[in-house]
Amino acid sequence: MTRETRRFLVGLGAIAAVGLVIRVAFLFIMHHPYYPVGDALLYHSGANSLVDGKGFVLAFFLENGQQAQGASNPPLYVLWLAIPSMLGFRSPLVHQLWSCVLGLGTVALLGVLGRQLAGYRAGLIAAALAAIGPNVFYWDTVILSETMSLFVATLVVLLCYRYWRAPDTRGLLLVGLSCGAAALSRAELVLLVPFVLVPLALGSCTIDFAARLRRLVVAGLMAALVVAPWITYNVTRFDKPVFLSNGLGVTLAATQCDDAYYGEFTGLWSIRCGLRVQRTFPKGYDESERDAGYREAALDYLGDHLGRAPVVVLSRWGRSLGLYRPIHSVEFDHFPEGRDWPIAIGGLISFWVLGALSVYGAVLLRRRKVPVYPLVALPAIAMIAIGIAFSSSRYRSTAEPALAILAAVAIDAFIRRRRGESDPDPADLDDRNETAAGAATS
């Protein structure tokens with residue numbers, strides 16, 4: 001192990017320790033005792049119910065006196081929470097602290113990825129931005145799946161760049177495996193397959209096109225193999241087909257309506273819209289049937305208001321970027337979305353700052369002949385999800401790993417110029433990165 005690698009690992013450990021202190025302090029100050037509601041209750045209760053042998057069930061609905069089968073969200077985060085539940089530690093506090101552990105994994109991965117792309121200082125900066133960033137650490141304290149999706153999305157990007165440096169079949173299989181895992185954390189992350197896996201496999205110049213295509217097929221099958229058990233399980237327990245999740249319908253019903261298409265809430269959501277549709281369902285509908293009913297009502301409304309839809313989509317994107325009615329969006333983020341005021345305000349400011357730095361960081365990487373599409377894919381997926389659903393800091397969180405890395409590249413470049421240092425040559429970082437990456441992922 002080189003001296004620089006030791007310095008990097010010590011620095012990364014110190015940053016992770018600071019990140020843990022921030023998360024635990026925020027947790028106890030702002031969210032203890034914590035009484036999960038909404039999706040947080042689904043994850044917390046779902047993990048405990050899974051350990052009790054009930055399978056994946058809903059906390060909100062009963063069928064014949066039993067919790068109803070549920071697939072509102074993909075299962076990976078529930079499986080993570082089930083680990084302490086299986087050992088008898090089932091309280092919300094334990095699930096919060098266990099989520100903080102996962103959050104520190106994201107900090108570590110971002111540090112390794114930043115070092116791989118721009119040197120050890122950029123890696124430490126990226127890790128620090130994730131350790132103290134309100135748009136990252138908040139999710140680790142409230143039992144929401146964003147803490148898992150941030151971790152897995154970062155892992156996908158890290159493995160993409162390792163394959164780009166040393167393209168081999170095993171490396172691409174790991175990318176496919178991680179893409180499948182990402183789809184099991186948030187359904188929209190299945191888009192990592194066309195946005196990242198496909199161009200990564202086909203863009204390699206070290207082998208002929210037929211070999212690249214074979215690698216892509218095998219890696220795609222690996223991603224499908226990861227999600228296949230979940231899809232198979234869902235097919236056996238619902239009346240209508242369910243794949244990764246069936247939570248889209250209720251989201252569309254709450255966003256394809258007059259409340260979310262006109263007036264001050266344009267681009268957001270309204271619970272009244274979903275309730276109006278729900279009241280039309282016959283008694284005894286399972287979750288898949290409710291999802292189908294919600295989607296049918298939403299698509300009917302969309303078909304009648306196609307001319308208004310582009311305005312609504314632009315409003316969703318503008319709100320998420322803080323460019324359209326930012327004060328109102330922050331207020332909505334606080335209530336009814338549930339973000340604490342410091343997080344709602346600080347998160348928007350942080351997003352603006354990191355977003356501006358990220359544009360410059362992306363330009364720098366392109367000048368250094370480093371592909372940026374694995375990073376750009378994350379905010380692109382976030383914007384697609386927001387355009388389909390509604391403006392939400394939860395959907396925007398998918399972009400945070402990319403913002404942290406690209407902003408770190410920009411900050412490192414400013415420091416280099418101030419000190420008269422030359423820009424790093426990515427080819428010169430390969431050997432030094434192998435030791436750090438191996439140590440951090442072991």
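Worth saying up front: this structure is predicted, and the values here are computed from it rather than measured. (Residues numbered from 1 in each chain as written. Predicted model: local features only at pLDDT ≥ 70, side-chain atom pairs only at ≥ 80, totals over all residues. Heavy atoms only, no water.)

## Regarding the overall build of the protein
Then step 1. Summing up its helical and strand segments, the protein has 21 helices and two strands in all.
Then step 2. Here the C-alpha radius of gyration of the protein, 22 Å, is about what a compact globule of 442 residues would show, namely 22 Å.
Then step 3. Viewed in the frame of its principal axes, the protein has a C-alpha envelope of about 70 × 50 × 45 Å.
Then step 4. Looking at the 442 residues of the protein, the share that counts as buried comes to 53%.
Then step 5. In the protein, the proportion of contacts linking residues at least 24 apart, taken out of those at least 6 apart, comes to 74%.
Then step 6. Total accessible area computed for the protein in this model is approximately 19,000 Å², and 66% of it derives from carbon and sulfur atoms.
Then step 7. The averaged location of the 33 negative side-chain charges in the protein is 7 Å from the averaged location of its 39 positive side-chain charges. (Helix = DSSP H or I, 4+ residues; strand = E, 2+ residues; numbered from the N terminus. Rg over C-alpha atoms; globule rule 2.2 N^0.38 Å. Buried < 20%, exposed > 50% of the residue type's maximum accessible area, 1.4 Å probe, protein only. Contact = heavy atoms within 4.5 Å. Areas by Shrake-Rupley, 256 points an atom, 1.4 Å probe, with all protein chains shown as cover. Lys, Arg positive; Asp, Glu negative; His and termini not counted. Charge placed at Lys NZ, Arg CZ, Asp CG, Glu CD.)

## Quick look at the state of the cysteines
Then step 1. Counted under the stated rule, the structure contains one disulfide.
Then step 2. A disulfide bridge connects cysteine 257 with cysteine 273, and the sulfur atoms are separated by 2.1 Å. Around the S-S axis, the bridge from cysteine 257 to cysteine 273 shows a dihedral of about 80 degrees and counts as right-handed. Taken together, the positions of cysteine 257 in the loop between helix H11 (248-255) and helix H12 (258-261) and cysteine 273 in helix H13 (residues 271-278) put the pair 16 residues apart, joining distant regions of the chain.
Then step 3. Accessibility expressed as a relative area gives 5% for cysteine 257, which makes it buried.
Then step 4. A disulfide-free cysteine, cysteine 160 has its sulfur positioned 6.0 Å from the sulfur of cysteine 179, the nearest such atom. (Disulfide = S-S within 2.5 Å.)

## Some words on the environment of cysteine 273
Then step 1. Look at cysteine 273 and you get buried, because its relative accessible area is 3%.
Then step 2. For cysteine 273 and glutamine 256, which are 17 residues apart along the polypeptide, the C-alpha to C-alpha distance reads 8.0 Å.
Then step 3. Setting aside its immediate chain neighbours within four residues, cysteine 273 contacts Ala253, Ala254, Cys257 and Asp259.

## Description of the nonpolar core
Soluble globular proteins tend to bury their nonpolar side chains together.
Then step 1. Grouped together as the largest cluster of nonpolar side chains are 91 residues, with contacts concentrated most on Leu113, Leu117, Val175, Leu192, Leu365 and Leu375.
Then step 2. Among the elements that line this core, the one with the most residues is helix H7 (residues 146-165), at eleven residues. (Core = buried A, V, L, I, M, F, W, Y, C linked by side-chain atoms within 4.5 Å.)

## Considering the packing of helix H1 (residues 3-30) against helix H5 (residues 120-132)
Then step 1. Where H1 meets H5, the closest approach of the two axes is 9 Å, and the angle between their N-to-C directions is 10 degrees. By the angle class used here, H1 and H5 are roughly parallel. Here Glu4, Arg7, Phe8, Gly11, Leu12, Ile15, Gly19, Ile22 and Arg23 of H1 come into contact with H5, specifically with Tyr120, Gly123, Leu124, Ala127, Ala128, Ala130, Ala131 and Ile132.
Then step 2. Residue composition of the contact of H1 with H5, by class: eleven nonpolar, three polar and three charged. (Axes fitted to C-alpha atoms, helices over the stretch in contact; angles between N-to-C directions. Parallel < 35°, antiparallel > 145°, perpendicular 65-115°, else oblique. Nonpolar A, V, L, I, M, F, W, Y, C, P; charged D, E, K, R; others polar.)

## Side note on the packing of aromatic side chains
Then step 1. Scanning the model with the defined rule gives 17 aromatic pairs in all.
Then step 2. Judged by centre distance (4.4 Å) and plane angle (10 degrees), the ring pair of tryptophan 80 and tryptophan 98 falls under stacked. With tryptophan 80 in helix H3 (residues 76-86) and tryptophan 98 in helix H4 (residues 92-118), this residue pair connects regions lying 18 residues apart in the sequence.
Then step 3. Relative to tryptophan 139, the ring of tyrosine 138 has its centre 5.1 Å away and its plane inclined at 75 degrees; by these criteria the two rings are edge-to-face.
Then step 4. For tyrosine 138, a relative accessible area of 2% translates into the label buried.
Then step 5. Counting every residue linked through ring pairs, the aromatic cluster contains Phe265, Trp269, Phe332, Phe390 and Tyr395.
Then step 6. A cation over an aromatic ring shows up here: arginine 115 above the ring of phenylalanine 8, its NZ or CZ 5.1 Å from the ring centre.
Then step 7. Taking the ring centre of phenylalanine 351 as reference, the NZ or CZ of arginine 396 above it sits at 4.4 Å. (Phe/Tyr/Trp six-rings, centres within 6.5 Å; stacked < 30°, edge-to-face > 60°. Lys NZ or Arg CZ within 6 Å of the ring centre and 35° of its normal.)

## Details of the side chain of glutamate 289
Then step 1. Mapping glutamate 289 onto the fold places it in helix H14 (residues 287-304).
Then step 2. There is no salt bridge for the buried glutamate 289, and the closest opposite charge comes from lysine 240, which lies 6.0 Å off by N-O distance.
Then step 3. Among the polar contacts listed, one links the side chain of glutamate 289 to the backbone nitrogen of aspartate 286, at a separation of 2.8 Å.
Then step 4. Once you skip the residues sitting within four places of it in the chain, glutamate 289 turns out to touch Asp239, Lys240 and Gly284. (Salt bridge = Lys/Arg side-chain N within 4 Å of Asp/Glu carboxyl O. Polar contact = N/O pair within 3.5 Å; in protein donor to acceptor, adjacent residues only side chain to side chain.)

## Remarks on the pattern of salt bridges
Then step 1. Applying the stated rule across the entire model yields 16 salt bridges.
Then step 2. The partner of arginine 339 in a salt bridge is aspartate 333, with the nearest N and O atoms 3.8 Å apart. Summarising the burial analysis for this pair, arginine 339 and aspartate 333 share the class buried.
Then step 3. Put simply, aspartate 423 and arginine 368 hold a salt bridge, and the shortest N to O gap is 3.6 Å. Highlighted residues: aspartate 423 in the loop between helix H20 (400-419) and helix H21 (430-441) and arginine 368 in the loop between helix H17 (341-367) and helix H18 (373-388), separated in sequence by 55 residues.
Then step 4. Judged by relative accessible area, which is 37%, aspartate 423 ranks as partly exposed.
Then step 5. With a relative accessible area of 11%, arginine 368 lands in the buried category.
Then step 6. What emerges from the salt-bridge pattern is a single network uniting Asp39, Glu146, Arg186, Glu188 and Arg394.

## Thoughts on helix H8 (residues 169-183)
Given 3.6 residues to a turn, an α-helix orients residues that are three or four positions apart in the same direction.
Then step 1. Given a rise of 1.5 Å per residue, 15 residues ought to cover 21 Å, and the 21 Å separating the end C-alpha atoms of H8 matches this to within 8%.
Then step 2. Along H8, the residues classified as buried are Gly171, Leu172, Val175, Gly176, Ser178, Cys179, Gly180, Ala182 and Ala183.
Then step 3. Against the buried residues of H8 lie H7, helix H9 (192-202) and helix H10 (209-235). (Expected span 1.5 Å × (residues − 1).)

## Section: the side chain of arginine 115
Then step 1. Within the secondary structure layout, arginine 115 lies in helix H4.
Then step 2. A polar side-chain atom of arginine 115 sits 3.4 Å from a polar atom in the side chain of threonine 5.

## Notes on the environment of phenylalanine 390
Then step 1. Note that phenylalanine 390 resides in the loop between H18 and helix H19 (393-396).
Then step 2. Taking relative accessible area as the criterion, phenylalanine 390 reaches 10% and is therefore assigned buried.
Then step 3. With 168 residues separating them along the chain, phenylalanine 390 and methionine 222 place their C-alpha atoms 32 Å apart.
Then step 4. In this structure, phenylalanine 390 is in contact with Thr251, Thr255, Gly267, Leu268, Trp269, Arg316, Glu337, Ala385 and Tyr395, ignoring residues within four places of it in sequence.

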